[in-house]
Every structure is written in structure tokens, then in C-alpha cells.
Amino acid sequence: MIGSRRLLAEFILLVGTMLLSACQTFENPLNWSESPMAGQLVGTWRAAEGEDRIKVSRADNGALRFEEASSDDSDPPDTFIADLLASGSLHVLQVRMDTFSEDGRRPEGTGFGFLRVTQGAENSVLVQGIDVDLFGRVAEEELRGAEMQMQVTTVAECVGDKATEALWAKFWNDLKEPLGNDLQAKILATLDHQTRRDVVKALAELTGREVDPYRELTKMRTCIALHLPSEYLGELFLHHADRVFLEDAERYVRE
């Protein structure tokens, strides 16, 4: 997962875990303005519990660059680029997942990760991750009846493999009777022998297959939430921050 070498900064570890788990990344960014706290993050920070350190600087494009600060120079530092954004009193670090680099290698990640940043006592900050499954439930509650529109292909991609197989089986079964045996045979005849055998076998196997419908619905609900348009994403974060940013808070102190 993260690699045999333990990351020296728990903050980067948290982001790395999000990046390497596809179900933790959002498709769209927030459309908020930069937080007035952004400049205050520049500097070196140490985890309140432990010796982990992270250095924050301004990247060439004005965004924030987070870099593992270690006395061991044998390996390239782990880094990523992020933007600290704000709406009202809520400050969210928007991590650009395609910039995450571990040991000098950049995994194939896209989208955005979100972390809540709160000013703490004695020149410290608290960082919290988001519970995406809970976020999916909140999104369903709040957006039901809102007539929100998403691309059909995006929604279709959120249908799990097992549910997709069931849909194909239903589609074929719905066609069989009106097509008639002769037309069914003609359709199958257009396939080569091996493919035809595979299709017939797969359809037969699907007939008796079972699936946990609520588990499939949960996965689909979370997936849809991760593809929400920016405007809906921002509104849900703003009005339900205390409900969805529930991961254990990491506290960092300025050095």
C-alpha cells in the first residue's frame, strides 16, 4: 500500500492513503477562494505527538507545496501540491492528487482530496480527513429531490460489477421473448465460436447468481458523491463539516 518505508510525516501519510485508495478521491475541485490562513501555513511543522516534520512553502504557481522534512537525505522527500481554501469559517485543504510524489515516484492518481484545517491553541493546526461513506449518505439526504443533473456515463460508472452483470442478464432476458428463437440464434451466430460459448455460459451463470443489494447501493451512493459538481460539493462541506470530517484529528505545531 504505502510502501515498506514508514513516512516520516503523518500528514503526508494521510494524503498518501487517500491517493492510493481510489474511493477516497473526488472528481471536482471546490470553487472557493484562497483562505486567509494560507500564508500562515508556510514554514515547518512538527506533529504534536512524535518527531514527524513537514515543510510548507509556496509553489511557483502560488499554491502550497508540502514536503516531508527529514534528516535522512538518502531518498527523495514525499511531496504534494495543495490549495488552502475557505468559505466562511470553514478552511479546507484541497490536495491535487496528481502531484503526490512518494520516494520520487508519482503514482497515477487524479482528482482531489479534502482535509479540514482548523487553527488550534499555541500556534498549532488540526487536520482532519473526511469519512467518504458518511459523506455519501449526507449527500443523498440533502440532494434527494434537488433535481441535480450528472452525466449518465458518470452515474453508470458507479454501478458495481455485480450489479452491471445483473443488468446485462435482465437486458438479454427482456429481449429474448420479443426476438424469438430464430433472431436470437442469428445474433449469437454473429459471434465467433469461442465468444458465443462464453456469452451463453456467462448468461447461464448469471441466472442463479445472488448479490447483496444494499451493499451495492452503498458503493454506488458513495461513488456518486465523489463525482458531485463543485457547487454541490462546496455546499455540503459548508453545511455539514462537523458531520463528515470525522477522521481522527492530527495536531501540528510550528517549529
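Calculation notes
- Residues numbered from 1 in each chain as written.
- Predicted model: local features only at pLDDT ≥ 70, side-chain atom pairs only at ≥ 80, totals over all residues.
- Heavy atoms only, no water.
- Helix = DSSP H or I, 4+ residues; strand = E, 2+ residues; numbered from the N terminus.
- Expected span 1.5 Å × (residues − 1).
- Bend = angle between axes of the 7 residues up to and from the residue.
- Buried < 20%, exposed > 50% of the residue type's maximum accessible area, 1.4 Å probe, protein only.
- Contact = heavy atoms within 4.5 Å.
- Polar contact = N/O pair within 3.5 Å; in protein donor to acceptor, adjacent residues only side chain to side chain.

Enquirer: Give me the lowdown on helix H7 (residues 230–244), citing residues and values where you can.
Expert: Counting along an α-helix, one turn takes 3.6 residues, and residues three or four places apart therefore face a common direction. Taking 1.5 Å as the rise per residue, H7 with 15 residues should run 21 Å; its terminal C-alpha atoms sit only 17 Å apart, a clear shortfall. The sharpest bend along H7 reaches about 60 degrees and sits at leucine 238. Of the positions making up H7, those classed as buried are Ser230, Leu233, Gly234, Leu236, Phe237, His240, Ala241 and Val244. Against strand S6 (90–101), strand S7 (112–120) and helix H2 (132–143) lie the buried residues of H7.

Enquirer: Break down the environment of leucine 41 for me, citing the residues and quoting the values.
Expert: Counting through the fold element by element, leucine 41 comes out in the loop between strand S1 (33–34) and strand S2 (43–47). Under the relative-accessibility criterion, leucine 41 is labelled buried at 7%. The spatial distance from the C-alpha of leucine 41 to the C-alpha of serine 57 is 8.0 Å, given a sequence separation of 16 residues. Other than its neighbours up to four places away in sequence, leucine 41 contacts Val56, Leu64, Phe66, Leu84, Val125 and Arg254.

Enquirer: How would you summarise the side chain of histidine 91 if you had to cite specific residues and measurements?
Expert: Mapped onto the elements of the fold, histidine 91 is located in strand S6. Judged by relative accessible area, histidine 91 falls into the buried class, the value being 13%. Looking at histidine 91, its side chain comes within polar contact range of the side chain of serine 35, at 2.6 Å. If we skip the residues at most four places from it in the chain, histidine 91 touches Ser35, Pro36, Met37, Leu84, Leu85, Ala86, Leu115, Arg116 and Val117.

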